[in-house]
Amino acid sequence: MTLFLQLDLAALLAAVMACLACGLLGNLLLLTRQSLLGDAVSHAVLPGLVLGFAVTGTRATLPMVLGAMLAAVAAALLISLVRRLARLEPGAAMGVVFSGFFALGLVLMELTGARAVDLDVDCVLYGQLEALIWPAATGPSSLLDPAALAQLPAETRILAAVLALVLAGLALLWKELRLAAFDPDFAASIGFAPRGLSLVVLVLVSVACVAAFWAVGSILVIAALVAPPAIARLLTDDYRHQFLFSAVAAVVMGGGGYGAAVGVPALLGLGFGLNAAGMMAVVATLLLALAWVAGRRLRRAPPAVAALSAPRIVAAAR
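A quick note: this is a predicted structure, and the numbers were derived from the prediction, not measured.

## Looking at the nonpolar core
Counting residues in each nonpolar core, the largest one holds 80 residues, and the members touching the most others are Leu28, Leu129, Met253 and Met280. Once you skip the residues sitting within four places of it in the chain, methionine 280 turns out to touch Ala15, Cys19, Leu129, Leu220, Met253, Gly254, Gly257 and Tyr258.

What follows is the structure in structure tokens.
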């Protein structure tokens, strides 16, 4: 038990919280047809991370997270500006901006010597989930020991704070976000500010992407933003159920993927483990396939059963 707490608990918690925070926010992007925005933000944080290192000369968490957050927000605002000035469709604007930011980050990585501190392409793509350990754990009692909990890796503690922020934001703006997602014109006519809510969502997505990116890399961030909402969308048309199902999918994706990275090689008799972030994306793909099959069966079910299993969004909004 102590060995699990020291070597696996921090990484497992980070994986689950990263998937959960990104997956919940991904619902808002999916319902407003902006899922690619998450991809753009997750790539755009790289130059901010490198600049944070360049300014401080160390891998201190706070300056790098602040730099990445500024880069993510700047990229999102630039996407909006490009769409308006160049009159490009959203996907093209996002593709141009996030590829440009990511390339800039790679160039800055070489110029600033960030490779020397393990901020390299592998770290960017796959994260450093396996490096999150908790040596201060001495047994189950450490879970209730404030001094031991304070020694958890910074990435795990930051993800816990970000997840709490996401949950608080969704709870406080639940009705407003639903209204802005489905009928922004009506929301504006009754006094809500859809653009202001969009900015709030953008900031939350940026914060979640930055926190998850540092721990699990860009691959898992993209998968966590897109896969859980897509899985839920295949199973239900109800707004509340959409968030609930995506949360369950995110937890299974994070926990199951991390466990599979260790368990699958052991079952196959291999002498090495698999990359955790990659296995989480694989688990997400399998869940998506299962959801597609289950969704097809629900649609073929008798009307009464289908209505009970997947109530309509309109009914939930009444």
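There is more to say after this.
## What to know about the side chain of glutamine 242
Tracing the backbone shows glutamine 242 in helix H11 (residues 239–267). Within the structure, the side chain of glutamine 242 is placed 3.4 Å from the backbone nitrogen of arginine 233, a separation counted as a polar contact. Non-local contacts of glutamine 242, meaning those with residues more than four positions away in its chain, are made with Asn27, Leu30, Pro229, Ala232, Arg233 and Thr236.

## With respect to the pattern of salt bridges
All chains considered together, the criterion is met by 1 salt bridge. Close ionic contact of aspartate 237 with arginine 233 constitutes a salt bridge, the shortest N to O distance being 2.4 Å. Judged by its relative accessible area of 17%, aspartate 237 falls in the buried class. Given a relative accessible area of 35%, arginine 233 falls into the partly exposed group.

## Some words on the UniProt feature "transmembrane region" (unreviewed entry) in the protein
Using the residue numbers shown here, the UniProt feature "transmembrane region" (unreviewed entry) corresponds to residues 12–31, 61–79, 91–109, 158–174, 186–205, 211–231, 243–268 and 274–294. As annotated, residues 12–31 comprises 100% helix and 0% strand, and the C-alpha atoms at either end are separated by 29 Å. With 100% helix and 0% strand, the stretch residues 91–109 has end C-alpha atoms that lie 27 Å from each other.

Here is what the cut-offs are and how they apply
Residues numbered from 1 in each chain as written. Predicted model: local features only at pLDDT ≥ 70, side-chain atom pairs only at ≥ 80, totals over all residues. Heavy atoms only, no water. Core = buried A, V, L, I, M, F, W, Y, C linked by side-chain atoms within 4.5 Å. Buried < 20%, exposed > 50% of the residue type's maximum accessible area, 1.4 Å probe, protein only. Contact = heavy atoms within 4.5 Å. Helix = DSSP H or I, 4+ residues; strand = E, 2+ residues; numbered from the N terminus. Polar contact = N/O pair within 3.5 Å; in protein donor to acceptor, adjacent residues only side chain to side chain. Salt bridge = Lys/Arg side-chain N within 4 Å of Asp/Glu carboxyl O. UniProt positions renumbered as here; feature names shortened; annotations may be inferred.

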